[in-house]
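Breakdown of the fold
If you want the building blocks of each chain, they are given just below.
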Amino acid sequence: MTSFTRLAAVGLAIAVSTTACAGAGGIGDPDDPESINVLMVNNPQMLDIQKLTAEHFTKRTGVKVNYTVLPENDVRDKISQDFTSQAGQYDVATLSNYEVPIYAKNNWLEPLDSHIAADPGFDQQDVLEPIRQSLTAADGKVYAQPFYGESSFLMYRKDIFAAKGITMPERPTWQQVAEAAARADGAEPGMKGICLRGQPGWGQLMAPLTTVVNTFGGTWFTKDWQAKVDSPEFVEATKFYVDLVREHGEAGAPQAGFAECLNNMTQGKVAMWYDATSAAGLLEAADSPVKGKLGFAQAPVVKTKSSGWLYTWAFAVQKASKKHQAAWKFLSWASGKDYERVVGLAKGWSSIPDGKRASTYERPEYLKETGSFAEQTKIAISSANPRDPGLQPRPANGIQFVGIPEFTNLGTQVSQEVSAAIAGRGSVEDALRAAQRLADKVAAKYRKG
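Residues numbered from 1 in each chain as written. Predicted model: local features only at pLDDT ≥ 70, side-chain atom pairs only at ≥ 80, totals over all residues. Heavy atoms only, no water.

In the annotation of an unreviewed UniProt entry, the protein chain is listed under the name Sugar ABC transporter substrate-binding protein and assigned to Allokutzneria multivorans.

This is the structure in structure tokens:
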């Protein structure tokens, strides 16, 4: 879905866990109120903050930051161990908008509202509303601050479309996308019409597919926890997705995730790609072969006004931490406007952790480097509605996921069934009948509860 697959794309699947020192890593003195331990995912922007902390944060505040940086799967396990037990070894950790409401409900996170109120310079209202909502729990309190955010949109080759006489609306329907994919298929030797994820995983195949289900009128569960995975709308959406990728999608689709589609798009093997807005910066990088050749459109729709997903890596404070004030100082800086300025000057404006603040999209320096996709990214994120992403009320928040702990396992198992259908090993109907049985078991637990 996001940082994990982005890492694979840029070759940064590494684990970083260095010895303790200010701004470098490891575990600091648990009794020092001005030393905090931060556990975070190892995506490129997180590695940037690790390098910038000592000079730009510790010097100003006196707060030492001891980082432990791990790959996504490892960091999720370690965060879960420390926060669920309330061991308090780590004061701050990176959580996504999937985990934050779940952790908050279990009383594992420190609510941030009092810190926000006492820090008007942070400007909470500048945080894009969907991002704010996604980090606000059912009790109405804020439990994390975003480091960066993303939605999903359609990326396409303007030059190919012009040569084939294809017009892409700014807000296309999925039917228009399918027609364009058919016409662009074979536009250049070896080029396919579109790339869509087919790799199993709740954050791989199921992320884009669930947005398609939403806009076709489907849902995983009704408000009263009735599983609807084999409903006509869910089946229609999944058949559409599977047929589109089988007929006009990339080679090796059942194994293709974010990284593979990024490579296909970069190498000119596909004319379109529906995926994370964060991909745009990689495609428009200075050394990208397709830089300047791309157009960007909003996530395709059928029955809804918008359909883009919503994801953010955010910093949250462990309830058991004894260093809430120092931790907030770090959150305020890492999620604040000034940090974007620091990164812009040090690393370049296209490298800032964007997608979280409205003011980002008013910075002339940023817009100069990202003008081809910045506005479409802002529109996509601002249009995302994690509380009401489809045509019917939902029992839990989430656009490309269902905000319950069981979804990681459920989504992954269902994705395996659908990926097999993409590979031609069975029908969509059979896949979703099997998926319905899995979803029924999850729903039954919540109906009893």
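After presenting the structure, the write-up continues.
1. Regarding the overall build of the protein chain
Across its full length, the protein chain holds 18 helices and 8 strands. Taken over the C-alpha trace, the protein chain has a radius of gyration of 21 Å; the compact-globule value for 449 residues is 22 Å, and the two agree within 12%. Reported as C-alpha extents along the three principal axes, the dimensions of the protein chain are approximately 60 × 55 × 35 Å. The proportion of buried residues among the 449 residues of the protein chain is 60%. Residue pairs in contact within the protein chain that sit at least 24 positions apart in sequence constitute 76% of those at least 6 positions apart. Surface summary for the protein chain: the accessible area is close to 17,000 Å², and the carbon and sulfur share equals 49%. Both charge centroids of the protein chain, one from 47 positive and one from 49 negative side chains, sit 1 Å from each other. (Helix = DSSP H or I, 4+ residues; strand = E, 2+ residues; numbered from the N terminus. Rg over C-alpha atoms; globule rule 2.2 N^0.38 Å. Buried < 20%, exposed > 50% of the residue type's maximum accessible area, 1.4 Å probe, protein only. Contact = heavy atoms within 4.5 Å. Areas by Shrake-Rupley, 256 points an atom, 1.4 Å probe, with all protein chains shown as cover. Lys, Arg positive; Asp, Glu negative; His and termini not counted. Charge placed at Lys NZ, Arg CZ, Asp CG, Glu CD.)

2. A short note on the packing of aromatic side chains
Here the distance between the centres and the angle between the planes together describe a pair of aromatic rings. If you walk through the whole model with that rule in mind, you get 28 aromatic pairs. When the centroid spacing of 5.3 Å and the interplanar angle of 65 degrees are considered together, the rings of phenylalanine 122 and tryptophan 328 count as edge-to-face. Of this pair, phenylalanine 122 sits in the loop between helix 5 (113–117) and helix 6 (129–134) while tryptophan 328 sits in helix 13 (residues 324–334), and the two are 206 residues apart along the sequence. With relative accessibility at 2%, the residue phenylalanine 122 sits in the buried group. Here tryptophan 328 falls in the buried class, since its relative accessible area comes to 6%. Every member of this aromatic cluster is reached through a ring pair, and the members are Phe57, Tyr67, Phe147, Phe315, Phe330, Trp333 and Tyr339. In this structure, arginine 357 packs its charged tip against the face of phenylalanine 122, placed 4.7 Å from the ring centre. (Phe/Tyr/Trp six-rings, centres within 6.5 Å; stacked < 30°, edge-to-face > 60°. Lys NZ or Arg CZ within 6 Å of the ring centre and 35° of its normal.)

3. Section: the packing of helix 9 (residues 206–215) against helix 10 (residues 232–248)
Taken N-terminus to C-terminus, the directions of helix 9 and helix 10 make an angle of 130 degrees; their axes are 8 Å apart at the nearest point. One element, helix 9, and the other, helix 10, form an angle in the oblique class. Crossing angle aside, the handedness with which helix 9 passes helix 10 is right-handed. Where helix 9 abuts helix 10, its residues Pro208, Leu209, Val212 and Val213 lie against Phe234, Ala237, Thr238 and Tyr241. (Axes fitted to C-alpha atoms, helices over the stretch in contact; angles between N-to-C directions. Parallel < 35°, antiparallel > 145°, perpendicular 65-115°, else oblique. Left-handed = near helix turned anticlockwise from the far one by under 90°.)

4. Side note on the environment of glycine 198
Positionally, glycine 198 belongs in the loop between helix 8 (174–184) and helix 9. Residue classification places glycine 198 among the buried residues on the basis of a relative accessible area of 0%. In this structure the C-alpha to C-alpha distance between glycine 198 and threonine 215, which are 17 residues apart in sequence, comes to 19 Å. Aside from chain neighbours lying at most four places away, what touches glycine 198 is Leu205, Ala253, Pro254, Ala256, Ser419 and Ile422.

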